[in-house]
Amino acid sequence: MHKHQHLLPIFVSLCAAFALIDEVDGEYLIGVGSYDMTARTFIVAESSQGARFAFVNLDAGMASQLVTIKVLQRLKTRLGDLYTQENLAISGTHTHAGPAGYLQCVVYSVTSLGFINQTFDAIVTAIEQSIIQAHNNLKPGSIFLNTGDVENAGINRIPSAYLFNPPEERARYTTNVDTTMTLLKLLDSASNRSIGAFSWFATHGTSMSRENRLISGDNKGAAARFLEDWFTFSNNFLSIRNTKFSTIQNISTLRNKAQKIKATGGKPCGKTTSQGFKVRKNDGSSFVGAFCQSNVGDVTPNVLGAFCTDTGKPCDFNHSSCNGNDQLCVGRGPGYPNEILSTKIIGERQFEKAVELFSSATNPLSGKIDYRHAFINFTSIEVQLNESTVVKTCPAAVGAGFAAGTTDGPGVFGFQQGDTEINEMWKRLRDLLKEPSQYQIDCQKPKPVLLSTGEMFVPYAWAPAILPIQILRLGNFVILSVPGEFTTMAGRRLREAVKETLINNGNGEFDNETHVVIAGLTNTYSQYIATFEEYKQQRYEAASTLYGPHTLSAYIQEFKKLAKAMATGEQLGGTGLSPPDLSSVQLSLLQDPLGDSPPPGKRFGDMQQDVAQPKGGSFKKGDKPSATFFSANPRYDLLIEGTFAVVEMLQGERWVPVYDDDDFCLFFKWNVTVDNGSLYGLATVEWEVPEDATSGVYRLRHFGSSKKTKDYPNEYFTGASSAFTVS
């Protein structure tokens, strides 16, 4: 059975859905785009010169203010003032398995040894190109909204903190996490063909553990790949791979043929050669499926719960530790102990709900496009809690619970979530960096200040101060762009406050059918936002709520101002604030790549270890054939829109790419080995044969680039393994 055969009933409903919307005229201009890294964009406009906004879903840990600044500069050069800080939202999926080094504040670049220009440029380029592609694709279309609950794709990782919220508030909800997925289905009116789907659902990108060293979009990246491939499968009635397959030959004949095909050896190739070996060519016409992040702060995909690695028992409820040791408490995903399987399962649960919502989406959006945006200095906001009480936010700081980490990634030994005291040794170490002011200590209470990042400016700012907040409107669908991770209850309060403000000030333009979603980690990053009550316990999320106990109240107050302006049609004047561009002062301690040449007598692309033929003569579904090539460091060229690894299938006398490094089943791993005192790079290509793979003759291919030297002039290279059969 094909792996998606169980979705055929949904495909029938998909056809029915198309029939239902046959007579709907295009309400908007819509366009979608996707580009390597991966950045996925949709743009919606009222007309060619009318109001519009662009929303980018980025397979990265979070957005970056510096990335946003540079993207806007590039767009202005190419498109003038069509896309500005007002109407562009760049939202990270929050994968913890993405590249670092592209944020400009010190605290976010310590683990990457500072700023990494290569990563930064790749991300900026991907966003720019996806927006340009979506802009060039603008055409009349319709957008449909649908919602539904995703089962068992996230649980609350700090349920003890959630219980600090008022009982009467908690009683309004059946769960301590938001289970709703909100999906937009984008339809091209002329062809009556869907061009994309963007959904919002809250679960952390931590199915891959902190021990993982592979670049991955985590569960949301997996869900996006599954949805985009499923759409192609549904509309062609065949798998994208099966469309390329010829009649299956007798397996013994295939085996004999495979035995005669040996490794090619390393060969030079062109800079863009690997792009031609991509399975999915990016010509701008492909369906774009994006899984966007929401109020994810306290939601983990490790749904089996957190257990002690030494005893196997559940962790301490209030501290997520094991006999006081935070490092022993680790969350378990549904595929435990296989984290890649867990990533796949959580991705599939989001994907399958998206298919269901996509197939049954018949509620068209209509109405105006609008947006509001403001820069706010979050370090000193006066918040009017009631008629007689005014409080203030604080300069940024993290508490002791921050150092304890979470069940998705335990932190430093000696700390626990919920710590409200710091021992003298850590205080002395803290003070060597920066002793917090008394004002800061008092303002942040009950958080014990471990690092007063808002008061630290050497060699440059350690934390952001000026943050963007933004509202995007598409008829009665509203997106709240927030520059951080709201906890479940914090997100609920913000959504409700904005919706109430829109309804009360909109003269009937907004009603209870108005749907509000939070787009988390958007436009910049400022860590977490817990409720005032959750802040008291000082779990990791509260300890990482930078601007003090009233941070959420400040967000609600400032978003209500934007919402009121949107509802009344008021155009807000600028605050006179803008975040700094710190690109000129960034430091980088990352060393240059190693492994500049292959061993004597070898070329890059030659085999170090060929595919080991299985005892039975053929690989079965679920087996993992692999090959290792002599290879230069992948950092020499990221092969944008290309691929480092390919699985090829023999079609007659021709090799056809059928899987590449964008596939969940294909792994590319690079490391160095020492031989006679010299360092040599090795690239391993490993393929987990999928259940829907067709029997046939295959081989593994690798692409890479090297540093040009006098002794080794070749820059781009490729090589293929010996052939093998899959039965």
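Residues numbered from 1 in each chain as written. Predicted model: local features only at pLDDT ≥ 70, side-chain atom pairs only at ≥ 80, totals over all residues. Heavy atoms only, no water.

Per an unreviewed UniProt entry, the chain goes by the name Neutral ceramidase and belongs to Gossypium darwinii. If you open the UniProt record of the chain and go to Sequence similarities (unreviewed entry), you find "Belongs to the neutral ceramidase family." In the Catalytic activity (unreviewed entry) part of its UniProt record, the chain is described as follows: "an N-acylsphing-4-enine + H2O = sphing-4-enine + a fatty acid". (UniProt positions renumbered as here; feature names shortened; annotations may be inferred.)

Chemist: Describe in detail the UniProt feature "domain: Neutral/alkaline non-lysosomal ceramidase C-terminal" (unreviewed entry) in the chain, supporting the description with residues and values.
Modeler: Listed under "domain: Neutral/alkaline non-lysosomal ceramidase C-terminal" (unreviewed entry) in the UniProt record, and renumbered for this structure, are residues 559-726. Measuring from the first to the last C-alpha atom of residues 559-726 gives 57 Å, for a span that is 6% helix and 36% strand. (Helix = DSSP H or I, 4+ residues; strand = E, 2+ residues; numbered from the N terminus.)

Chemist: So what about the sheet that holds strand S15 (residues 369-377)? Which residues, and what values?
Modeler: Strands belonging to one sheet form pairs held by backbone hydrogen bonds; the direction of such a pair is parallel or antiparallel. Across the sheet, which stays open at both edges, the 4 strands sit in the order S15-S22-S23-S25 with mixed pairing between neighbours. Pairing within the sheet leaves two strands with one partner each, and these edge strands are S15 and strand S25 (515-519). Taken pair by pair, the neighbouring strands of this sheet meet at an average axis angle of 15 degrees, ignoring direction. Bridge count for S15 against strand S22 (residues 466-474) is 9 bridges, and the pairing is antiparallel. Across the sheet, the residue bridging to Ile369 is Leu474, located in S22. Sitting on the sheet, helix H15 (residues 551-568) is in contact with S15, S22 and strand S23 (477-481), with an inclination near 40 degrees to S22. (Pairing = 2+ DSSP bridges. Axes fitted to C-alpha atoms, helices over the stretch in contact; angles between N-to-C directions. Contact = heavy atoms within 4.5 Å.)

Chemist: Lay out the state of the cysteines with the relevant residues and their values.
Modeler: The final tally for this structure, using the stated rule, is 3 disulfides. Across a sulfur-sulfur distance of 2.1 Å, Cys308 and Cys322 are joined as a disulfide pair. Across the S-S bond of Cys308 and Cys322 the torsion is about -100 degrees, and the bridge reads as left-handed. On the criterion of sequence distance, the pair formed by Cys308 in strand S12 (residues 305-308) and Cys322 in the loop between S12 and strand S13 (329-332) is long-range, its members being 14 residues apart. Considered together, Cys308 and Cys322 belong to a single accessibility category, that of buried residues. (Disulfide = S-S within 2.5 Å. Buried < 20%, exposed > 50% of the residue type's maximum accessible area, 1.4 Å probe, protein only.)

Chemist: Lay out the packing of aromatic side chains with the relevant residues and their values.
Modeler: This structure, assessed with the given rule, holds 27 aromatic pairs. Summarising the aromatic geometry, the rings of Trp687 and Tyr698 are spaced 4.9 Å apart at their centres and angled 50 degrees between planes, so their arrangement reads as tilted. With Trp687 in strand S32 (residues 678-687) and Tyr698 in strand S33 (residues 696-705), this residue pair connects regions lying 11 residues apart in the sequence. Of the two residues examined, Trp687 and Tyr698, each falls in the buried class. Here the aromatic cluster, defined as three or more aromatic residues joined through ring pairs, consists of Phe42, Phe53, Phe55, Phe198, Trp200 and Phe477. Geometry around Tyr173 places Arg492 over its ring, the cationic atom sitting 3.8 Å from the centre. (Phe/Tyr/Trp six-rings, centres within 6.5 Å; stacked < 30°, edge-to-face > 60°. Lys NZ or Arg CZ within 6 Å of the ring centre and 35° of its normal.)

Chemist: Give me the domain arrangement of the chain: which residues, what numbers.
Modeler: Under the domain assignment used here, the chain contains domain 1 (34-237 + 282-302 + 335-379 + 461-568) and domain 2 (245-280 + 591-726). Between domain 1 and domain 2, the C-alpha centre-to-centre distance is 36 Å. Each side of the interface is counted separately: domain 1 has 13 residues, and domain 2 has 15 residues. Buried surface at the junction of domain 1 and domain 2, summed over both partners, amounts to about 1200 Å²; 57% is from carbon and sulfur atoms. (Domains from an automatic or database assignment. Buried area = accessible area lost by both parts, 1.4 Å probe.)

Chemist: Which residues make up the sheet that holds strand S31 (residues 666-675), and what values do they have?
Modeler: Across the sheet, which stays open at both edges, the 4 strands sit in the order S27-S28-S32-S31 with antiparallel pairing between neighbours. Single-partner strands in this sheet number two, and they are strand S27 (607-609) and S31. Between one strand and the next, the sheet's axes are offset by a mean angle of 35 degrees, whatever the strand orientation. Judged from the 5 bridges that link them, strand S28 (residues 626-630) and S32 form a sheet pairing that is antiparallel.

Chemist: Before we move on, could you go through the environment of His204 and cite the residues and values that matter?
Modeler: Tracing the backbone through its elements, the reader meets His204 in the loop between strand S8 (193-200) and helix H6 (218-236). His204 sits in the buried class, given a relative accessible area of 0%. Counting along the chain gives 348 residues from His204 to Leu552, while the straight-line C-alpha distance between them is 20 Å. There is a polar contact of 2.9 Å between the side chain of His204 and the backbone oxygen of Val299. A polar contact is formed between the side chain of His204 and the side chain of Glu485, at a distance of 3.1 Å. (Polar contact = N/O pair within 3.5 Å; in protein donor to acceptor, adjacent residues only side chain to side chain.)

Chemist: Describe in detail a nonpolar patch on the surface, supporting the description with residues and values.
Modeler: On the surface, Leu594, Val672, Val674 and Leu679 cluster together into a nonpolar patch covering about 320 Å² of accessible area. Note on placement: Val674 falls in strand S31. Under the relative-accessibility criterion, Val674 is labelled exposed at 58%. (Patch = residues over 30% accessible without salt bridge, like charges linked within 9 Å, V, L, I, M, F, W, Y side chains within 5 Å. Areas by Shrake-Rupley, 256 points an atom, 1.4 Å probe, with all protein chains shown as cover. Salt bridge = Lys/Arg side-chain N within 4 Å of Asp/Glu carboxyl O.)

Chemist: Outline H15, supporting the account with residue identities and numerical values.
Modeler: Since there are 3.6 residues in each turn of an α-helix, residues three or four apart along the chain are aligned in direction. With 18 residues, H15 extends 26 Å between its outermost C-alpha atoms, agreeing within 8% with the 26 Å of an ideal straight helix rising 1.5 Å per residue. Here H15 lies mainly inside the structure; 13 of its 18 residues are buried. Of the residues trailing H15, Gly569 is marked for its positive phi of about 80 degrees. (Expected span 1.5 Å × (residues − 1).)

Chemist: An account of the side chain of Ser722 is needed here, citing residue identities and associated values.
Modeler: Relative to the helices and strands, Ser722 is located in the loop between strand S34 (716-720) and strand S35 (724-726). One polar contact links the side chain of Ser722 to the main-chain amide nitrogen of Ala263, over a distance of 3.1 Å. Reaching out from Ser722, the side chain makes a polar contact with the side chain of Asp610 at a distance of 2.5 Å. Setting aside residues up to four positions removed in sequence, Ser722 forms contacts with Ile261, Lys262, Ala263, Asp610, Val611, Tyr698 and Arg699.

Chemist: Can you break down the packing of helix H2 (residues 65-79) against helix H3 (residues 117-136) residue by residue, with the values?
Modeler: Contact geometry for H2 and H3: axes closest at 10 Å, N-to-C directions at 45 degrees. By the angle between their directions, the pair H2 and H3 is classed as oblique. Considering how the two elements wind past one another, H2 and H3 form a crossing that is right-handed. Between H2, through Leu66, Val67, Lys70, Val71, Arg74, Leu75, Arg78 and Leu79, and H3, the contact on the second element is made entirely by Phe120, Ile123, Val124, Thr125, Ile127, Glu128, Gln129, Ile131, Ile132 and His135. (Parallel < 35°, antiparallel > 145°, perpendicular 65-115°, else oblique. Left-handed = near helix turned anticlockwise from the far one by under 90°.)

Chemist: So what's going on with the environment of Ile158? Which residues, and what values?
Modeler: Structurally, Ile158 is set in the loop between strand S6 (155-156) and helix H4 (159-162). Through-space distance from the C-alpha of Ile158 to that of Ile143 is 36 Å; in sequence the pair is 15 residues apart. Sequence-distant contacts of Ile158, that is, excluding residues within four places in its chain, are made with Asp298, Gln417, Arg539 and Glu541.

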